[in-house]
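So the chains spell out like this:
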Amino acid sequence: MPEQGITIQGIGRHRGRFSQVRIYLGKFFRMFIYQNDWKVLPMAAVIGALVGMVVQPNMFVTMEGTLFGGFALSCVCIWNGCFNSIQVVCRERGIVKREHRSGMHISSYVVAHMIYQAFLCLTQTALLTLVCQRIGVHFPREGFLTGFFIVDFALSIFLVTYASDMLGLFISSFVRSTTTAMTIMPFLLIFQLIFSGGFFSLPEWSQPLTDVTISRYGLRSIAALGDYNSLPSVTAWNTLTKMKDTEVTKTLTVDDVKHLLQNDVIRARLRGVASPQGLTMEDVADVLLSSGMLEQFSGESYDLHVQLGEVMEAIGEEKVQEYVSEATRLASNSEAYAHTERNILYCWVMLAVFSLAFAAMATVSLEFIDKDKR
Amino acid sequence: MVLKVILTLIFGATSVWAIVDASMEIIGLWGIFRKCGIKPALSLVPCLRLYYLGLSVAREPEGWMIFINHVLITLSSLLMLFLPSTSSVYLLISPFVLVFAIIELVYSIRVYIALLELFQARRRWLILAIPVFGIVAIIFGWTKKYQPQWKVTDYQEQAAGLSGATARVMDEGLTVNLEERSVTSFFKKKYLLRDIHMYIKPGSMVLLLGGSGAGKTTFLNAVNGYERANAKVVLNSGDVYADYKKMQYEIGFVPQQDLMRGSDTVLRTLSDAALLRLPIDLPQAQRKKRIMEVMEIFGLEPVAGSLVDKLSGGQRKRLSIAMEFISNPSLFILDEPDSGLDGVMARELFERLRAIADQGKIIIVITHTPDRVIDLFDNVIVLAKDANRTGRLAYYGSIDDARGFFGKQRMEEIVMCINRQEEGGEGRADEFIGKFAEVQHA
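Residues numbered from 1 in each chain as written. Chains lettered and ligands numbered in written order. Predicted model: local features only at pLDDT ≥ 70, side-chain atom pairs only at ≥ 80, totals over all residues.

**Q** Can you help me understand the overall build of chain B in this one?
**A** Regarding its fold elements, chain B presents 16 helices and 10 strands. On C-alpha atoms alone, chain B measures out to a radius of gyration of 28 Å, which is more than a quarter above the 22 Å that the 2.2 N^0.38 rule sets for 442 residues. Reported as C-alpha extents along the three principal axes, the dimensions of chain B are approximately 80 × 55 × 40 Å. Every one of the 442 residues in chain B was classed for burial, and the buried ones make up 41%. Partitioning the contacts of chain B with sequence separation of at least 6, the portion at a separation of at least 24 is 65%. (Helix = DSSP H or I, 4+ residues; strand = E, 2+ residues; numbered from the N terminus. Rg over C-alpha atoms; globule rule 2.2 N^0.38 Å. Buried ≥ 20, exposed ≤ 12 C-beta atoms within 10 Å, placed from the backbone. Contact = placed C-beta atoms within 7 Å.)

Dropping the structure here:
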């Protein structure tokens, strides 16, 4: 054994938190290259492409398409984020404990993870945005906060992914094994999906739960960016057009007809319709009413069979579409999706707060690593 | 409503079948508790009787889990009595009751299996015990055919008394005065270690011996200050607990498993270990020199550029030790460094450790195969579980004196001698703990 050539002063000042962050960043990026961490990037692109293909026709085009697309993309982001980090701490818990024993600061370790995970999330965001654009998702030209819509959109995507990533990091910091982490993950996703507040009508008591879901703010920010409230609603009209062949049956009595012919609104409409003899339909109605012909058949009734399409044609299809779309749009309007700077910034701030809170909780949780039972 | 509340409190439910089953359970447990050495009247206490059932079959943690879940189910059931079945709170509680019931069932099955083993009954009894435990409890509790193999009182025997000794603190070397190391589990304090006092002089290589569960690793964690005990540990005049931030760099602890990142190279692993463990004001050239020095000491130069994942078992072990040795600690603790190594590699490793000790360091090593390298050790610490399952000091001194003290030639025979009888040993731990306490006191 060689003699030791240098004297090590064991009791001296050692590396502080900032220096340790650099050490761990190096370690994590080496893990990215040599281990399988890089695989989350192509996975994000593939999932993005699959979802993008589904949401592409109507995203930012109709209300329903925007809501569905926003929800689907939020889910993709939550999946990506959680999957990035849910195993990173628990898989090396023994190593973390050993290094903590050797002077590692838990805060440095978590901050290094935050930076490294931010890099992963940013890359995934870029990939997802690019894939959505290539697939043909209709991005509005004008941005809202940054001047470029795609940047606003990417920022929302990043914040949702990163908040989920930090949530995954937090879970990974307190579970003891990767198996437990992967068991918790589906529950986490289901909770985020159900309590997003966008799709399912939830009972009143669940409101506080929806306030703490990442998906809620993700969906809100994407829908608000896409100006959800000013987009046309198409569900009711689509349903109506599918029902064109539906037959409507109505039993009319002669008295009903008499009342209709006396109605001012209907009379005004009949006034504009000419009959073959050069009279207006209002004149015909007057003749019918004054001649006493209708009294002769009073009490009799007739079954009227008419298809919905014929009614729409009689009124004018465009007019019906315009009316139905406008009525359903107004009914679907939501304050939560208001296209205002304040609303979008609120969602972004909330997502940032979630990220910081989860990171802080992960730090606190890991500070107790020395209490682990063997 | 009052009747329903009373029935829920006593029997946990209000249905006729639940009341009948719980009544049979009470009658049966009365008999089982009597046979197992527990006060039979405890079977009348709602919920708590389930904990005592666990205790009577030596499954105390399971007993606690059943008790806690049963309390939660009872409380939930009580709350649900006062709520309309359509209210949202009622609907919210219902699935949780189901979850508690599933947990209780799983832990109950564990206890039932232990009960069958205790009464040497066949496993098929489980088929009856799961749906109607009351019947099984009555059969086991009140028939002469079924008798328990042991009683709770059997393992509450008297442990050896405390030594009352204290090791004198010296300017150099390691002094350990550990009064107790305990944990609180399910509201009960459990002693893991008690009454361990010793002084280890610099340059010693010490073997830490003890059976499974004797508290060897707990002792080492207490000595290095990471898991604190009610103790005073002084290393070269420095108080390990009071000045932990400084002293942690004076102590190297090599865990049993090779806890290193496989994606790093050997050189990078050591560089990062050096960055973490060496003082910040050490010049970079000196740090690099130290890394090279340690690589040479542990024979890692040929694999400096290899990924940790690609190393052999022996190389990984040496790297793991090198990571701790890089800061040149005064106290070097190794938890089974030879696990997974063949005899030749283990011998080579211990010779390296001996060389480190000869430089004035203190080396404490746990190993389960000490006899092949016993000539390299100066002293031996023997930890043993006393009658209360607490880790106690059965011996500390030279290897030769240990042979005389225990009347055994080989270290593995000493372990067998102090191990409990149910573990295949001679069950003489308390005898030697008491004997050594007298020696210390003298």
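**Q** Please clarify how the packing of helix H2 (residues 40-55) of chain A against helix H5 (residues 106-135) of chain A should be interpreted in this entry.
**A** Describing two packed helices takes the angle between their axes plus the distance from one axis to the other. Residue and element names in this part refer to chain A. Where H2 meets H5, the closest approach of the two axes is 9 Å, and the angle between their N-to-C directions is 30°. In this structure, H2 crosses over H5, and the sense of that crossing is right-handed. Residues Val 40, Leu 41, Ala 44, Ala 45, Gly 48, Ala 49, Gly 52 and Met 53 of H2 pack against Leu 120, Thr 123, Gln 124, Leu 127, Leu 128, Val 131, Cys 132 and Ile 135 of H5. For the contact of H2 with H5, the residue count by class is 12 nonpolar, four polar and no charged. (Axes fitted to C-alpha atoms, helices over the stretch in contact; angles between N-to-C directions. Left-handed = near helix turned anticlockwise from the far one by under 90°. Nonpolar A, V, L, I, M, F, W, Y, C, P; charged D, E, K, R; others polar.)

**Q** What is the right way to read the environment of B:Leu42 from this model?
**A** Residues and elements named next belong to chain B. Secondary-structure assignment places Leu 42 in the loop between helix H2 (16-36) and helix H3 (48-56). Judged by local crowding, Leu 42 falls into the partly exposed class, with 17 C-beta atoms found within 10 Å. Residues Leu 42 and Val 57, 15 residues apart in the sequence, show an inter-C-alpha distance of 15 Å. Not counting the four nearest positions on each side in its chain, Leu 42 is found in contact with Phe 33, Leu 48, Arg 49 and Tyr 52.

**Q** Please clarify how helix H4 (residues 60-81) of chain B should be interpreted in this entry.
**A** Three- or four-residue spacings in an α-helix give side chains the same orientation, since the helix completes a turn every 3.6 residues. Its 22 residues give H4(B) an end-to-end C-alpha distance of 31 Å, which sits within 8% of 32 Å, the value for a rise of 1.5 Å per residue. On its buried side, H4(B) packs onto helix H1 (2-11), H3 and helix H5 (88-118) of chain B. (Expected span 1.5 Å × (residues − 1).)

**Q** Looking at this structure, how should I read the interface of chain A and chain B?
**A** Note on interface size: it is often stated as the accessible area lost on association of the parts. If you look at the interface, chain A gives 32 residues, while chain B gives 36 residues. Contributions of two or more residues to the side of chain A that touches chain B are made by helix H1 (17-34) and helix H4 (93-101) of chain A. In the side of chain A that touches chain B, the residues fall into 12 nonpolar, 10 polar and 10 charged.

**Q** So what exactly am I meant to see when it comes to the domain arrangement of chain A here?
**A** Partitioning chain A into structural domains gives domain 1 (17-227 + 339-371) and domain 2 (245-327). On a C-alpha basis, the centres of domain 1 of chain A and domain 2 of chain A stand 59 Å from each other. (Domains from an automatic or database assignment.)

**Q** For this particular structure, what's the right way to read unusual backbone geometry?
**A** Trans is the prevailing form of peptide bonds, just as negative phi is the prevailing case for residues other than glycine. Although it is not a glycine, A:Asp227 adopts a positive phi angle of roughly 55°. Inspection of the secondary structure assignment puts A:Asp227 in the loop between helix H9 (214-225) and helix H10 (235-242). Of note in this structure, B:Ser237 is not a glycine but carries a positive phi near 75°. Topologically, B:Ser237 is positioned in the loop between strand S4 (230-235) and strand S5 (238-239). We classify B:Ser237 as exposed; it has 11 C-beta atoms within 10 Å.

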